[in-house]
Amino acid sequence: MRLKTKLLHRVNTTTTILTDHFGRIHSYLRISITESCNFRCSYCMPTNDYHCLPSAQQMGVDEIESIAKAFVGMGVSKIRLTGGEPLVRRDFADILRRLSALGVEISITTNGFLVDKFLPLFREVGLRSLNLSLDSLDKARFDRITGRNAFDRVWGNALKLLDAGIRVKMNTVALHDTVMDELPRFLDLTKGLPLHVRFIEFMPFAGNGWEHHKVITAAQMLAMVQERYDIVKLKDEPHATAKKYKIVGHEGTFAFITTMSEHFCGSCNRLRVTADGKIKNCLFGKDEFDLLGALRGGEDLAQVIHQAVKAKHPVMGGQFAGGYTQRQAESIENRSMVKIGG
Ligand code: SAM
Ligand code: SF4
């Protein structure tokens, strides 16, 4: 009987606590640990007026740990570290070690530049999967997009991760020239490598030059793929943002993240905390909830977290009524992506 009560309690804490008004259960937290970045990707960094967060306003290691623990206690079972570029933070190793001790699935989204430095740490904490962003296989184009001459290093690090047995999901923002020139090159990577290439539809954020006609949709890309290859649709995981496919006979997979053309808000299980400790309940929402302020003021974190979950809009942060083709980037109230954390 005691065991039954214990099990029921576990079910309650893991499945029902972070439920919003639309019945969505939140079990996945993305924590941005820095707004700084060693790259300058054109689609992510604002073109002007970019100032880094003063360190006093950034969450410290103990604060990140306390906040992560609060979410885990409320049913979060997966945490992704992101940024900015998470690996540039000086105390990154400490943060990863502490969060890895919480007993939940941990992953990272990185631009890959510093991955070789942290491979021993990844092995030590048992990191199983990582998202590595790489937007072009053409060195000159890579330099233009990221503002850094770093293609060889990033690509080399992707191979090192695969050698280490870490699952690599490769994020590629679907920019017009890249898709038109390089889609087959990206797909051919999946032939002999267990890589999972994911094309992300270009999304609008403050200052990133988004216009709706610049979005190359998953349907357009899929049509291009089908002209050349025999493909099979794979089963998507629950809450997945990616629609997965495989080319017949290839080792790896490819996928489309259809945020713009076909949102996946109905099954959203994600919450975000920014590097300055604000909860964002949606990537596209303007609402923010000051968790770090509550922690520093000795207030109840659970109350702020509940408030954020209950305030979640049904679709796209309430800012895309009428679909993305009706939107002007300037009318969307939000931070830049580098200050949210993808
Ligand atoms: N610095 C890390 C990186 O680049 O992977 C983590 C942070 S970055 C903001 C997280 C992800 O967001 C990256 O895969 C990046 O390509 C993606 N991203 C940034 N801006 C985007 C945009 N406007 N549209 C689509 N994806 C975007
Ligand atoms: Fe930096 Fe990642 Fe943004 Fe590129 S996408 S500027 S690497 S945070």
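Please refer to the structure higher up on the page.
Going along each chain's sequence as written, the residues are numbered from 1 onward. Starting at A for chains and at 1 for ligands, labels are handed out in the order in which the entities are written. Given that the model is predicted, a residue must reach a pLDDT of at least 70 before its local features are reported, and side-chain atom pairs must reach 80 or more before they are shown or counted; all residues, however, enter totals for whole chains, interfaces and linings. Each side-chain value is derived from all of the structure's non-hydrogen atoms; neither hydrogens nor water enter the calculation.

Turning our eyes to something else, we now look at the overall build of the protein chain. Each helix and strand counted, the protein chain has 11 helices and 12 strands in total. The C-alpha radius of gyration of the protein chain comes to 20 Å, within 12% of the 20 Å expected for a compact globule of 342 residues. For the C-alpha atoms alone, the extent of the protein chain along its principal axes is close to 60 × 45 × 40 Å. Partly exposed residues are those whose accessible area sits between 20% and 50% of the maximum for their type, while under 20% is buried and over 50% is exposed, using a 1.4 Å probe and protein chains only. By the burial criterion, 54% of the 342 residues in the protein chain qualify as buried. Helical segments are the DSSP runs of H or I of at least four residues, strand segments are the runs of E of at least two, and each set is numbered from the N terminus. Based on C-alpha atoms, the radius of gyration is set beside the globule rule, defined as 2.2 Å times the residue count to the power 0.38.

Only strands joined by at least two bridges in the DSSP assignment are considered to pair. If you trace the 12 strands from one edge of the open sheet to the other, you get 7-8-9-6-5-4-3-2-1-10-11-12, paired in mixed fashion. Edge positions in the sheet fall to strand 7 (231-233) and strand 12 (289-290), since each of these pairs with one other strand and no more. Bridging between strand 4 (residues 129-133) and strand 5 (residues 167-174) involves five bridges; their strand directions are parallel. Its bridge partner being in strand 5, Leu132 is matched across the sheet by Met170.

Attention shifts here to the site of ligand 1. Put simply, a residue is near a molecule or strand once any heavy atom of it comes within 4 Å of that molecule or strand. The full set close to ligand 1 counts 20 residues, and Tyr43, Gly84, Glu85, Ser133 and Met203 are the nearest of them. In the model, a nitrogen atom of ligand 1 is placed 3.0 Å from a nitrogen or oxygen of the Glu85 side chain. Polar contacts, as used here, are pairs of N or O atoms within 3.5 Å; protein pairs need one atom able to donate a hydrogen and one able to accept it. Residues neighboring in sequence count only if both atoms are side-chain atoms. Contacts to ligand 1 include Asn171, whose side-chain N or O atom sits 3.1 Å from an oxygen atom. In isolation ligand 1 offers 550 Å² of accessible surface; the protein chains occlude 96% of this area. Put simply, the parts of the chain that give the shell around ligand 1 at least two residues each are strand 3 (105-110), strand 5 and strand 6 (196-201). Shrake-Rupley sampling with a 1.4 Å probe provides the accessible areas, and residues are treated as covered by the protein chains on show and by no other component.

Moving on, we come to unusual backbone geometry. Non-glycine residue His239 carries a positive phi angle of around 70 degrees. If you trace the backbone, His239 turns up in the loop between strand 7 and strand 8 (242-247). One non-glycine residue, Met316, lies in positive phi territory at about 45 degrees. Secondary-structure assignment places Met316 in the loop between helix 10 (301-310) and helix 11 (337-340).

To continue, consider the site of ligand 2. As a matter of local geometry, ligand 2 sits amid Cys37, Phe39, Cys41, Tyr43, Cys44, Met45, Gly84, Asn111 and Val338. Only Asp, Glu, Lys and Arg are considered charged in this grouping, and only Ala, Val, Leu, Ile, Met, Phe, Trp, Tyr, Cys and Pro are considered nonpolar; every other residue, Gly among them, is considered polar. Looking at the shell around ligand 2 residue by residue, the classes come out as seven nonpolar, two polar and no charged.

What follows is about the pairing of strand 5. Along strand 5, seven of the eight residues are buried, which leaves the element largely enclosed by surrounding structure. The pairing of strand 5 with strand 6 spans six bridges and is parallel. Paired with Val173 across the two strands is Ile200, which belongs to strand 6. For the handedness criterion, the β-α-β arrangement of strand 5, helix 7 (residues 176-192) and strand 6 is classed as right-handed. Crossover handedness is defined by viewing with both strands directed away from the observer: a clockwise path from the first strand over the helix to the second marks the crossover as right-handed.

This next bit is on the pairing of strand 4. Burial analysis of strand 4 places four of its five residues in the buried class, the great majority of the element. Note: strand 3 against strand 4, three bridges, orientation parallel. The residue bridging Ile108 from the neighbouring strand is Leu130, located in strand 4. You can see the chain leave strand 3, run along helix 4 (residues 115-125) and come back into strand 4, and the turn it takes is right-handed.

Before going further, it helps to spend a moment on the packing of aromatic side chains. Describing an aromatic ring pair means giving the distance of the ring centres and the angle of the ring planes. To pair, rings of Phe, Tyr and Trp, with the six-membered ring standing in for Trp, must have centres within 6.5 Å; the planes then decide the type, stacked if under 30 degrees apart, edge-to-face if over 60, and tilted in the middle. In the structure shown here, the tally under the stated rule is 12 aromatic pairs. Counting every residue linked through ring pairs, the aromatic cluster contains Phe186, Phe199, Tyr245, Phe254 and Phe256. Should the NZ of a Lys or the CZ of an Arg lie within 6 Å of a ring centre and within 35 degrees of the ring normal, that charge is described as sitting over the ring. In this structure, Arg153 packs its charged tip against the face of Phe113, placed 4.1 Å from the ring centre.

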